[in-house]
Structures are given as C-alpha cells and as structure tokens.
Amino acid sequence: MQKRRWRVVVVLRKVLTCAICAITMMALLSVHVQVFPSSRVPDLPEPYKLPTTTTQQPHVNKYSRLSSVQEQSWSREQTPPHLSKPPLPSHKVNWDSKLWKPPPSRDYWPCIERSSNYTFSGESKGYLLVHTNGGLNQMRAGICDMVAVARIINATLVIPELDKRSFWQDTSIFSDVFNEDHFINALANDVKVIKKLPKEMASAPKIVKHFRSWSGMGYYQGEIASLWDEYQVIRAAKSDSRLANNNLPPDIQKLRCRACYEALRFSSRIEEIGKILVDRMRSYGPYIALHLRYEKDMLAFSGCTHGLSSAEADELKKIREETAYWKVKEIDSREQRSKGYCPLTPKEVAMFLIALGYPSNTPIYIAAGEIYGGDSRMADLLSRYPILMSKEKLASVEELEPFANHASQMAALDYIVSIESDVFVPSYSGNMARAVEGHRRFFGHRKTISPDRKQLVPLFDKIERGKLKEGENLSRKIIEIHKRRQGSPRRRKGPISGTKGMDRFRSEEAFYVNPLPDCLCQRQSPNLNTSLVIK
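Reading guide: rules and limits
Residues numbered from 1 in each chain as written. Predicted model: local features only at pLDDT ≥ 70, side-chain atom pairs only at ≥ 80, totals over all residues. Heavy atoms only, no water. UniProt positions renumbered as here; feature names shortened; annotations may be inferred. Salt bridge = Lys/Arg side-chain N within 4 Å of Asp/Glu carboxyl O. Helix = DSSP H or I, 4+ residues; strand = E, 2+ residues; numbered from the N terminus. Buried < 20%, exposed > 50% of the residue type's maximum accessible area, 1.4 Å probe, protein only. Pairing = 2+ DSSP bridges. Right-handed = clockwise from strand over helix to strand, strands pointing away. Phe/Tyr/Trp six-rings, centres within 6.5 Å; stacked < 30°, edge-to-face > 60°. Lys NZ or Arg CZ within 6 Å of the ring centre and 35° of its normal.

- Where an unreviewed UniProt entry is consulted, the protein chain appears under the name O-fucosyltransferase family protein, with the organism given as Manihot esculenta.
- Under the UniProt heading Sequence similarities (unreviewed entry), the entry covering the protein chain gives this text: "Belongs to the glycosyltransferase GT106 family."
- Under Subcellular location (unreviewed entry), UniProt gives the following word-for-word description of the protein chain: "Membrane".

Here it is, written out as structure tokens:
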C-alpha cells in the first residue's frame, strides 16, 4: 500500500514538472525580446542629446539638438510594411566585437559657446546675398562660411540661394532642404538673417563679387568691408572654400560650428523620413553606412575608369567634355588610381570590409545615388554582403515621392542615416564623406573608417593578377594600414610642407572635416574638474 502511494506521488511530480516546463516554453516563444548592450561612446552634455527611441538602441541618438517639431520618439517598425522578408535577428551581429567599438574620445566634448568678449555686432552695414554652388554638402559648408563672413563684415544675411545649375539640376530652394525658421532664430545673437531682400532695396546700388578662396580676416575686413562705402548690397557669386580653415579668431571658428551643427538643420519633412530610415535600419542590428561614391557624375569628373568597358569609359569622357564648369578634360585614369584619387569599386569595398573582419551578415546601408553599371556592378558586393539596404529599399515609393528628382533632398536622407550609423565607411573622400566625418567627430568621435586608397590599390592589383590571395595575409596588411584611420581624436592637419600660394591652402585639411581644436575641448580631469579647456 505504501509503495503504491509512493508511485502515485512520483507520477504526480513528473506531470507537474512537465506542465511547468511546457508553460515556460510557451511564454518564451510568445515573447520576442531584443537586447542591445549600450555602446561605450562618451556621454555628452544634455543639449547635444537626441530624443530616445521607443526601444533602446545601441550608441545612437545621443548627440545633437532637435527642434521642437523633431523632439518626439521615433516610430518603431520591426519590418517595414512593404518588405516581403523580416530582418535577420539582430543578435546574430556580434555587437560586443571591437569591429563596432568607437575609438576612445579622450574626453573631448563640443565647446562652441560665445566668449565673454563676444557681442552682437550692432547695426548692419548692408545686405549679403549668397549664391551657393555644388552639391548638398558643398553648399552646407559654404552656407556656414557665409554666416561667418556676414558677421565679419557686419552684414544682414539673406537666406542663401541653392545651386540650381549644377550637374544634378536640382530645383530645391533653401526651405525645401533646411529648416529656414530655425536657421534664422538659432543665429539671432550672431547675425541677422532675413528670408528676402527688402523691396526698397530693389534699386539700391549692388555689386556681384567673387570672394577670394581661403581668405582671412584681413581680406574681409579690408577689401570686402570697404565696398559698403559704395554699395548697399553685396552678392557672393560663389560660396565654396571662401574662408580660411585656420588662423581665424576663436569666436569666428565657433560660430562656424554653431551654424553647421546647430543652426543648419534639415527640414522637418526630411528629418522625419530620415529618422524612419534610421529606425528601420536599426531593426537589422548595428549597421555600416557605406558612402559608395560610384555614380556616373563622380566617375566622369574624376576620370576613373578601372574595370569599366571601353564604351563606358567613352561615355564618361563625353560627359566630362560637355560639362563646361569642369575645368580638367584630359585625365589619365591609371595615374589617378595609383595616386589614390579614384573611388573604390563595389568589388574593392567588399574585399576591404571582409579583410577588416566584418562578417557576411553585417547590415550595410548604401548611401549613394544610382550606381554606375547597376546591379551587375554591385554583384560582387551583394554576394558577400546580402543585407544591402538603401533608402529605396527601406522606404516605400509613397514615402520617397516628395523627394523624387531632388538630388539634394535625397542626399540629405543619406546624410542622416550615415551620421547615425555605428560605422561609417566612405569609398571616396568627397564632399559628403568629409562632411559626415566632421559631423561624427563633433558628436562624439563615432567610428569612421577612411580607406587609404593609395595603399589599397597595389594590394587589389596583386589580387587581380593572382599574386596575392584574399585571406589572413591580406587581412593583416589592411588592418595594420587602418589602425589610425578610424575617427579617433586628433588636431586638424595643416598644409603640406613645401606647398605655396593657393596650393598651400588647398593641401590643408578642411575645417568641417575635423573641428578640433576650435570646437572640441578636452576635460582636464573628470575627477577633479569638470570645466572644459582647449588643448
């Protein structure tokens, strides 16, 4: 009898144990939880933090100010409604890997406050009109420089006119791309900015002036400011590279940074879609933003034809010859490439990322326009990294429709996704690559890997000739070359030794590529003193 009771107890225990296990398994299967460990990027002062998302994300969204329109949680969509397949589980990407770890910030923080000697410049001497030139990022830099110029010559700045005559034939106006009201209000204590030239100035004496490239205070306070004696309106015919990178007063340099990183925000419409793209990209886990500068205009301008057919090379040469404002017509493609002046091809980018150690399941956002050669040219990259996304893949046709046929607005979307990426890799050091690198430095030295194309070309050529194979040997070489090319803090590079005249200025690292030391300050000792000092 006692044995029978004992058997019943054992059976009941087994039944209860099975039931508990079954309930536990059901609960685990019915709930999907994604956990992203926080990144070790430096924590910045409160004013530079983005609003948090509805789901905690890695490293992202801490470091820039957003307008009241933008200060809202991002929508969270695990799978964009128009995509047929859900993202791969993000935990498959090893977030803890050193591949994703940002470089040490060495306690550098943004410091762009006005000094005690900085005062409002008083009554304006006249009006400064600006015709910007180039693509989105060339125009961005030019606009910020013209803010500083307006301050130097004591002018009222009229909202700049965007370039409509460039290769892209974009008809966008300032308010289509940028938040006009915020731009005006953010600069109210620095420069008076108005939307249009007053009607009474229609008949006022005007002059169109080509400001000298890379000019300093003496030029603007002398030659340009003296024009107020005869004219009430000065029109800057171009805006690119009109202000020196170095040797300007600290308050002027900080004003350039305030204009670039605080005042010049994208329009609410662009910011909204940009945030959606970032959020959808994040659903794949930590990601690389790849600025794949392999569009037709880039190849035509640079004369880079490696790997192209003779028909394609002829087409690009014809474009270059027919584009009047491109001064150089005859270009030796082999020489360009050997000097590192050509963008990496999609195939070379794939070999580069593999050599660095990024696995094939790494999500990659392609920040670019239409790739020259289309799908066939992307085949090698896609075969190695199948999670290749773009704004066209992440967003629906309806979502992108307002930006269609507006290259600057489409580029702005790529800019946002690139700034917020865990790793940024440019295939070419063009205007966007430089602008994004500088922005990421300002917002906490986020990881930016800049390929050394001059050293990579011989390696890729050896692989092409069969004298070197992909694998550990190539990986070791490429990792060693790029140890110090990952966005860690350093001072802006000066001119190349021995250069003179304009070549000397041209050889300097551009101000917006690296705003250190002017706009980034290092804390002396976090334990003893929290004040910021420039070092």
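1. Structural notes on the pattern of salt bridges
Point 1. Per the stated rule, a full pass over the model turns up 28 salt bridges.
Point 2. Between Asp-503 and Arg-506 there is a salt bridge, and its shortest N-O distance comes to 2.9 Å. Of this pair, Asp-503 and Arg-506 are both found in helix H19 (residues 501–506), three residues apart, which corresponds to roughly one turn of the helix.
Point 3. One salt-bridge network, in which partners are shared between bridges, spans Arg-114, Asp-190 and Arg-258.

2. Looking at the pairing of strand E2 (residues 126–130)
Remember that side chains alternate between the two faces of the sheet whenever the strand is regular.
Point 1. Burial analysis of E2 places five of its five residues in the buried class, which makes it a mostly covered element.
Point 2. Where E2 lies against strand E3 (residues 155–158), three bridges are found, and the strand directions are parallel. Counterpart to Gly-126 in the pairing with E3 is Ala-155.
Point 3. Handedness of the E2-helix H2 (residues 136–152)-E3 crossover: right-handed.
Point 4. Note that E2 and strand E6 (residues 233–236) share four bridges and pair parallel.

3. What to know about the packing of aromatic side chains
Point 1. Per the counting criterion, the structure on display carries 13 aromatic pairs.
Point 2. Considering the side-chain rings of Phe-178 and Phe-266, the 5.9 Å spacing of their centres and the 15° angle between planes classify their relative orientation as stacked. With Phe-178 in the loop between helix H3 (174–177) and helix H4 (180–186) and Phe-266 in the loop between helix H6 (250–263) and helix H7 (268–282), the pair connects residues that are 88 residues apart, well separated along the chain. Both residues of the pair, Phe-178 and Phe-266, belong to the buried class.
Point 3. On the numbers, 5.1 Å between centres and 90° between planes, the contact of Phe-511 with Tyr-512 is edge-to-face.
Point 4. Taken together, the aromatic side chains of Phe-174, Phe-178, Phe-183, Phe-266 and Tyr-415 make up a single cluster linked through ring pairs.
Point 5. The positively charged end of Arg-256 is found above the aromatic ring belonging to Phe-511, 4.3 Å away from the centroid.
Point 6. Directly above the aromatic system of Tyr-118 lies the positively charged group of Arg-258, at a separation of 5.5 Å from the ring centroid.

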